[in-house]
Amino acid sequence: MPRKYKKANDDTGSNKLTEAVSDAFVRNTCKRKLTNNAQESLHKVKLSEETTQPNASNIASQMTKIEKGKEFIMASECLTVGRNHETDSDITDMDANNDDQIPVDKDIDIELGCSKNSDNRLLYDWFDCPCVDLAKNLLGMKLVRLTESGERRSGYIVETEAYLGADDKAAHSYNGKRTERNKAMFMKPGTSYVYNIYGIYTCINISSKGEGAAVLIRSLEPCDGEDSMKIARRIRKSEKSKELKQHELCNGPSKLTQALGITKENGDQVDLTTSSCFWVEKGNPVPHSSIIACKRIGINNAGDWVDKPLRFYVKGCKYVSTRDKAAEANCS
């Protein structure tokens, strides 16, 4: 559920900062500027429901004076994360008599760097499961990337493929092969593995439990940043080409990385459980009865692994790359 910005009441008179405030929020919404040192301090703040909330006094000491000479002490407020699709009444739930509370611009997505605080982020234990299970469980979850400019782009995962490691003849890690390129496949579950194909495109995988095992993300249903996705996808197309429809933006492994702006340089070997610019959020789990299992795409020289049903997608979903109607007919 969307959460609101509000001020916490503290009977002892000492308020604690319960959420890290992003630079984008301060710049675009409050129009207050942080010094470089303050920004670095904010990024180091770790918040979770199980740990003690941070002492914000060190952060407050690094804040600059705002316009008209009034000093704003960040530690005096308790903020929670807002969402850009809320109504005016949703995100400006404030006491008109309280001068310390901050009005929020509903058109600004206030999630820059807030992924570390997000209650929706999927953590290590969630990814620490067998590859096939992870490939199915990822369906309905939300892949999120925060661009260098602070824009949030995301989409619901609707199609995956499992690559099972040393025994899988179609996997980059077949026979235990380990190189600089596929290093991420052997890293902790929840690590991104991004590789280049055809010299200009990329694909993204997420490591699972098991040596050299990872899940390829094949398709997304666009969510946040759709307009920017269209621009990013058109870079590869001619000016005379028709505008892409929503279901064409991320219906393929290289299309979705292009739409989200994921490259090998910014996306490979990233710990998705802790990164501030790249992560997976809880979404809408897909019932087993709505998951189609069929053979993977583009696997031709892998012996008996060619026809193994290791591709999974949401039944009847228009956002997938290719539907297997025969497999759908058998799943009724």
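As shown above, the structure is provided for reference.
Residues numbered from 1 in each chain as written. Predicted model: local features only at pLDDT ≥ 70, side-chain atom pairs only at ≥ 80, totals over all residues. Heavy atoms only, no water.

J.: Before we go on, may I ask you to explain the pattern of salt bridges in this structure?
T.: Between side chains of opposite charge, a pair can form as their charged atoms come close. For the structure on display, the rule yields 15 salt bridges. Put simply, Asp224 and Arg152 hold a salt bridge, and the shortest N to O gap is 2.7 Å. On the criterion of sequence distance, the pair formed by Asp224 in the loop between strand 5 (214-222) and helix 7 (226-234) and Arg152 in strand 2 (residues 152-163) is long-range, its members being 72 residues apart. This pair shows no difference in class: Asp224 is buried, exactly as Arg152 is. Its salt-bridge partner being Lys188, residue Asp271 comes within 3.1 Å of it at the nearest N-O pair. Remark: Lys188 occurs in the loop between strand 2 and strand 3 (192-197) and Asp271 occurs in the loop between helix 9 (264-267) and strand 6 (278-281); sequence separation between them is 83 residues. Overlapping salt bridges, with partners in common, bring together Glu159, Glu161, Arg218 and Arg311 in one network. (Salt bridge = Lys/Arg side-chain N within 4 Å of Asp/Glu carboxyl O. Helix = DSSP H or I, 4+ residues; strand = E, 2+ residues; numbered from the N terminus. Buried < 20%, exposed > 50% of the residue type's maximum accessible area, 1.4 Å probe, protein only.)

J.: Honestly, the layout of surface pockets in this entry has me stumped. Any pointers?
T.: It is a probe the size of a water molecule, rolled over the atoms, that shows where empty space is left. Within this model, the second largest pocket holds a volume of roughly 500 Å³. Around the second largest pocket, the lining is made up of 26 residues, and of these Tyr195, Ile197, Cys203, Pro253 and Ser254 lie nearest the centre. Counting only elements with at least two residues in the lining of the second largest pocket, the list comes to strand 2, strand 3, strand 4 (201-207), strand 5 and helix 8 (253-260). By residue number, the principal contributor to the lining of the second largest pocket is helix 8, which donates four residues. Its residues assigned to classes, the lining of the second largest pocket comprises 15 nonpolar, six polar and five charged. (1 Å grid on protein atoms, 1.4 Å probe; cavity = no way out; pocket = protein on both sides within 12 Å on 5 of 7 lines; lining within 4 Å. Points joined across faces, edges and corners; volume = space filled by probe spheres on them. Nonpolar A, V, L, I, M, F, W, Y, C, P; charged D, E, K, R; others polar.)

J.: What's the story with helix 8 in this structure? I'm lost.
T.: Structural remark: α-helix, 3.6 residues per turn; residues separated by three or four positions point the same way. Across the eight residues that make up helix 8, a large majority, seven, are buried. Of all the residues in helix 8, the buried ones are Pro253, Ser254, Leu256, Thr257, Gln258, Ala259 and Leu260. In this structure, the buried side of helix 8 is in contact with strand 1 (142-146), strand 2, strand 3, strand 4, strand 5 and helix 7. Remark: Gly261 follows helix 8 within two positions and exhibits a positive phi of approximately 75°. (Contact = heavy atoms within 4.5 Å.)

J.: Explain helix 7 to me, please; I cannot follow it from the model alone.
T.: Taken together, the buried positions of helix 7 are occupied by Ser228, Met229, Lys230, Ala232 and Arg233. Looking at the buried positions of helix 7, the neighbouring elements they touch are strand 2, strand 5 and helix 8.

J.: Looking at this model, I keep getting lost on the pairing of strand 3. Mind explaining?
T.: Residues in a regular strand project their side chains so that they alternate between the two faces of the sheet. With six bridges joining them, strand 3 and strand 4 adopt antiparallel strand pairing. Within strand 4, the position partnered with Val194 by the bridge is Ile204. (Pairing = 2+ DSSP bridges.)

J.: Quick question: what am I supposed to make of the packing of helix 7 against helix 8 here?
T.: Two quantities define a packed helix pair, namely the angle between the helix axes and the distance between the axes. Running from amino to carboxyl end, helix 7 crosses helix 8 at an angle of 115°, the nearest separation of the two axes being 7 Å. Seen from above, helix 7 lies across helix 8 with right-handed handedness. Contact residues: helix 7 offers Met229, Ala232 and Arg233, while helix 8 offers Lys255, Gln258, Ala259 and Leu260. Taken together, the residues of the contact of helix 7 with helix 8 break down into four nonpolar, one polar and two charged. (Axes fitted to C-alpha atoms, helices over the stretch in contact; angles between N-to-C directions. Left-handed = near helix turned anticlockwise from the far one by under 90°.)

J.: What should I look at first to understand the side chain of Ser207 in this one?
T.: The topology assignment puts Ser207 in strand 4. In contact with Ser207, other than residues within four places in its own chain, are Leu134, Ala184, Met185, Met187, Lys188, Pro189, Gly190, Thr191, Ala213 and Ala214.

J.: For this particular structure, what's the right way to read the packing of aromatic side chains?
T.: The geometry of two aromatic rings is summed up by the distance between their centres and the angle between their planes. Here the structure, examined in full by the defined rule, presents two aromatic pairs. Centre to centre, the rings of Tyr193 and Tyr195 are 5.2 Å apart; their planes meet at 40°, and the pair counts as tilted. You'll find Tyr193 and Tyr195 in the same group, each marked buried. Above the ring of Phe186, the side-chain terminus of Arg178 is found at 4.1 Å from the ring centroid. Positioned over the ring face of Tyr163 is Arg296, at 4.5 Å from the centre of the ring. (Phe/Tyr/Trp six-rings, centres within 6.5 Å; stacked < 30°, edge-to-face > 60°. Lys NZ or Arg CZ within 6 Å of the ring centre and 35° of its normal.)

J.: Just to check I follow, could you spell out the nonpolar core for this structure?
T.: Soluble globular proteins: nonpolar side chains tend toward being buried together. Within the largest apolar cluster, 59 residues are counted, with the highest numbers of intra-cluster contacts made by Leu138, Leu143, Ile217, Leu220, Cys250, Leu260 and Val280. The element that contributes the greatest number of residues to this core is strand 5, accounting for five residues. Not counting residues up to four positions away in its chain, the partners in contact with Leu220 are Leu143, Gly155, Tyr156, Ile157, Val158, Cys250, Leu256, Leu260 and Tyr319. (Core = buried A, V, L, I, M, F, W, Y, C linked by side-chain atoms within 4.5 Å.)

J.: Any chance you could explain the environment of Glu243 here in plain terms?
T.: Within the secondary structure, Glu243 sits in the loop between helix 7 and helix 8. Along the backbone, Glu243 and Arg233 are ten residues apart, and their C-alpha atoms lie at a distance of 9.8 Å. Other than its neighbours up to four places away in sequence, Glu243 contacts Lys230, Arg234 and Glu248. Polar contacts involving the side chain of Glu243 include one to the side chain of Lys230, which spans 3.2 Å. (Polar contact = N/O pair within 3.5 Å; in protein donor to acceptor, adjacent residues only side chain to side chain.)

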